[in-house]
Amino acid sequence: MTALSPADPAAIAAIAAIDLADQDFATRGDAEQVWALLRRERPVHWNTRPDGTGFWAVTRYHDTLRVLRDSTTFRSGQGMRLDHNPAATAAAADKLMIVADAPRHAKIRRVVASAFTPRMAARLEENMRETVRQELAAIGDGEPCDFTDVASVLPLSVICDMLGVPRADWPFMLRSTRVAFGESDSDPLERLEAHAQVLEYYQDLVAERRRRPREDVISTMAGGSVDGVPLTDEEIFLNCDGLISGGNETTRHASVGGLLALIDRPDQWRAASAAPEGLDAVADEILRFTSPAMHVLRTPCQDTEIGGQAIRAGEPVTVWMPSANRDEAVFDDPDRFDGARHPNPHLAFGMGPHHCLGATLARIELRVLFEELLRTFASGEPAGPARRLRSTLIWGYESAPVLLHRR
Ligand code: HEM
């Protein structure tokens, strides 16, 4: 185990009490200090769970990179998150891209990625702008609104659009997927029912696209094959779910955290408004600063080491993106939001073979949202304390009450 500074018994006691997998970890208000403590004192830490099981928690940037890049050792097929359902993961392994390993992973990924053409991105961007304008128009000047609601519409609309769900069905998909995949606490039975409705919906859409393909992701998957064998309906459904759960809450919470950061730093709000051509860099700083994908998990298939710490085959390893993205060894003054930060090699989208497939799209979403938001509103202020989301997977907000003042 990496050495602790013997002079700091308080740190030793604090580390012994840490459980990053505790559902209340994110809402207690000290997560950033805990990650900073681990980075400093125990960068590769064995986190014991109350039931006696445990996992490695990796909190430094370069160690995180090592784990994510070395997919030969650190595998995804036994689950890529804490508290996953092992039976569901086993059923999805090698079918759902995010829990597939080489060589099949790259082959599935190639099929899905082939749908992400520049033409599709241009079409999606046009529709995004329309959606954002509608959402922002509904915000009253200087009236309190919860930005987590405002920010929930765009990401799902984009995914529906990309999958090829007709616009008339977006409200149904927005409703059902919010219940089925939302990170907030909701009734498990309700979640199952909502998911069943979504699956039924995919079934009809896939059958329709097999008959009459269009320029969308479902048609691409329906026409795609791996090693000459067409993707099955099950593989298509699983990867549709993967796109929805991968691209929804993440983008939403980046938007919310981005707005809160700009409200907190009016100089940054003014700078970003004055130079919209710099919004790509602002979007990346929002991604670094908010890091909504909180951790990912890997399982080493052989004995290995990380940062000098021996790790045995089969021991779960988690990497924590909000921590890696505030590693003071890589980012100057990491707790400061700086829309002009350069370079900004953040790991919000992961790295290596599973690097986020929707990264380009998410960046466009953030740019379009903040372009329109800063064009419409001159300033903002909190309308109450923002509440963190109770989750170990998504580092985001349950609610973010704000007032926005129109230009
Ligand atoms: C993978 C984060 C938006 C689809 C990932 C991974 C991260 C991530 C960290 C790597 C997972 C791993 O290594 O196991 C984010 C963040 C987003 C975002 C922070 C927004 C701010 C999106 C969007 C989509 C999407 C908009 C879909 C349109 C995917 C898919 C994968 C993935 C399909 C799996 C890729 C693979 O396994 O090869 N994302 N994501 N993500 N993301 Fe995203």
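Throughout this description, residue numbers start from 1 for each chain and increase along the sequence as written. The predicted nature of this model means local features are confined to residues of pLDDT at least 70 and side-chain atom pairs, given and counted, to a pLDDT of 80 or more, with totals for whole chains, interfaces and linings taken over all residues. Only heavy atoms go into the side-chain values, all of them from the structure, while hydrogens and water stay out.

### A closer look at the nonpolar core
In globular proteins that are soluble, nonpolar side chains generally tend to be buried together. Counting residues in hydrophobic clusters, the biggest one holds 80 residues, and the most contacted among them are Phe-147, Leu-163, Val-217, Leu-259 and Trp-269. Numbering of helices and strands starts at the N terminus; helices are DSSP runs of H or I of at least 4 residues and strands are runs of E of at least 2. It is helix H7 (residues 147-163) that provides the largest number of residues to this core, a total of eleven residues. By definition in these notes, contact holds between two residues if any of their heavy atoms fall within 4.5 Å. Those residues in contact with Phe-147 that lie beyond four places of it in its chain are Ser-255, Val-256, Leu-259, Leu-373, Ala-400, Val-402 and Leu-404. Formed by 22 residues, the second largest nonpolar core is a distinct cluster that contains Phe-74, Leu-96, Ile-306 and Ala-324. Buried Ala, Val, Leu, Ile, Met, Phe, Trp, Tyr and Cys residues that are joined via side-chain atoms within 4.5 Å together make up what is termed a nonpolar core. Between buried and exposed lies partly exposed: a residue is buried under 20% and exposed over 50% of the maximum accessible area for its type, with that area taken using a 1.4 Å probe on protein chains only.

### A look at the pairing of strand E14 (residues 401-406)
In this scheme, strands are said to pair when DSSP sees at least two bridges between them. Relative to E14, strand E4 (residues 144-146) is paired through three bridges, and the arrangement is antiparallel. Among the inter-strand pairings, Asp-146 is bridged to a residue of E14, identified as Pro-401. Note: strand E11 (residues 377-382) against E14, five bridges, orientation antiparallel. Counted as the bridge partner of Ser-379 is His-405 from E14.

### Side note on the sheet that holds strand E2 (residues 54-58)
In spatial order, the strands read E1-E2-E10-E7-E3; together these five strands make up an open sheet with mixed pairing. The sheet is open, and its two edges are formed by strand E1 (44-48) and strand E3 (74-75), each paired on a single side. Relative to strand E10 (residues 317-320), strand E7 (residues 295-300) runs antiparallel, the two sharing four bridges. By the bridge assignment, Val-296 is partnered in E10 with Val-319.

### Thoughts on the packing of helix H12 (residues 249-264) against helix H13 (residues 266-274)
Structural elements are reduced to axes, namely lines fitted to C-alpha atoms, with helices fitted over the stretch in contact, and the angle between N-to-C directions of any two is expressed from 0 to 180 degrees. Running from N to C, H12 and H13 cross one another at 110 degrees; their axes reach a closest spacing of 5 Å. In terms of axis orientation, H12 runs roughly perpendicular to H13. Contact residues: H12 offers Leu-259, Leu-262, Ile-263 and Asp-264, while H13 offers Pro-266, Gln-268 and Trp-269. In the contact of H12 with H13, the residues fall into five nonpolar, one polar and one charged. Here is the rule for angles: anything less than 35 degrees is roughly parallel, anything more than 145 is roughly antiparallel, 65 through 115 is roughly perpendicular, and the remaining ranges are oblique. When residues are sorted by character, Ala, Val, Leu, Ile, Met, Phe, Trp, Tyr, Cys and Pro go into the nonpolar class, Asp, Glu, Lys and Arg into the charged class, and all the rest, Gly among them, into the polar class.

### Notes on the packing of aromatic side chains
In summary, the pairing rule links any two rings of Phe, Tyr or Trp, Trp by its six-membered ring, whose centres are within 6.5 Å, and it sorts them by plane angle into stacked for under 30 degrees, edge-to-face for over 60 and tilted for everything else. Summed over the entire model, instances satisfying the criterion amount to eight aromatic pairs. With a centroid separation of 6.4 Å and 40 degrees between ring planes, the pair formed by Trp-35 and Trp-320 is classed as tilted. Placement of the pair is Trp-35 in helix H2 (residues 31-41) and Trp-320 in strand E10, with a sequence separation of 285 residues. The residues Trp-35 and Trp-320 share a single accessibility class, namely buried. Taken together, a centroid distance of 5.4 Å and an interplanar angle of 45 degrees make the contact between Phe-172 and Tyr-201 tilted. Residue Phe-172 is found in helix H8 (residues 170-181), and its partner Tyr-201 is found in helix H9 (residues 188-211); the two are separated by 29 residues along the sequence. Judged by its relative accessible area of 23%, Phe-172 falls in the partly exposed class.

### Brief notes about the confidence of the model for the chain
The pLDDT score gives, residue by residue, the confidence of the prediction method on a 0 to 100 scale. Scored by pLDDT, the chain has a mean of 95; 98% of the residues are at 70 or more. Our summary of model confidence lists the complex with pTM equal to 0.96 and ipTM equal to 1.00.

### Some points on the site of the ligand
Proximity is defined per residue: if any heavy atom of the residue lies within 4 Å of a molecule or strand, that residue is considered near it. Around the ligand sit 27 residues in total, of which His-105, Arg-109, Arg-298, His-354 and Cys-356 are the nearest. Counting only elements with at least two residues in the shell around the ligand, the list comes to helix H5 (104-113), helix H11 (233-247), H12, E7 and helix H16 (359-376). Partitioning the shell around the ligand into residue classes produces 17 nonpolar, eight polar and two charged.

### Considering helix H14 (residues 279-290)
Each helix should span, by expectation, one fewer than its residue count multiplied by 1.5 Å. Taking 1.5 Å of rise per residue, the twelve residues of H14 would be expected to cover 16 Å, and the 16 Å separating its terminal C-alpha atoms lies within 8% of that figure. Of all the twelve residues making up H14, ten are buried; the element is thus mostly covered by neighbouring parts of the structure. Every buried residue of H14 is accounted for by Leu-279, Val-282, Ala-283, Asp-284, Glu-285, Ile-286, Leu-287, Arg-288, Phe-289 and Thr-290. Elements in contact with the buried residues of H14: H12, H13 and H16. Ser-291 occupies a position one or two residues after H14 and carries a positive phi of about 35 degrees.

### Brief notes about the packing of H7 against H8
Between H7 and H8, whose axes approach to 10 Å, the crossing angle comes to 115 degrees. Considered as vectors, H7 and H8 are oriented roughly perpendicular to each other. In this structure, H7 meets H8 at a crossing whose hand is right-handed. Of H8, the residues touching H7 (which contributes Ser-152, Val-153, Leu-156, Ser-157, Cys-160 and Asp-161) are Trp-170, Met-173, Leu-174, Thr-177 and Arg-178. Class assignment for the residues of the contact of H7 with H8 results in six nonpolar, three polar and two charged. Working rule for handedness: look at the near helix, and if it is turned counterclockwise from the far one by less than a right angle, call the crossing left-handed; if clockwise, right-handed.

### Notes on the environment of Thr-251
Its place among the elements puts Thr-251 in helix H12. Put simply, Thr-251 and Ala-359 are 108 residues apart on the chain and 9.8 Å apart in space, counted from C-alpha to C-alpha. Dropping the residues within four chain positions of it, Thr-251 is found in contact with Pro-155, Ala-362, Glu-365 and Leu-366.

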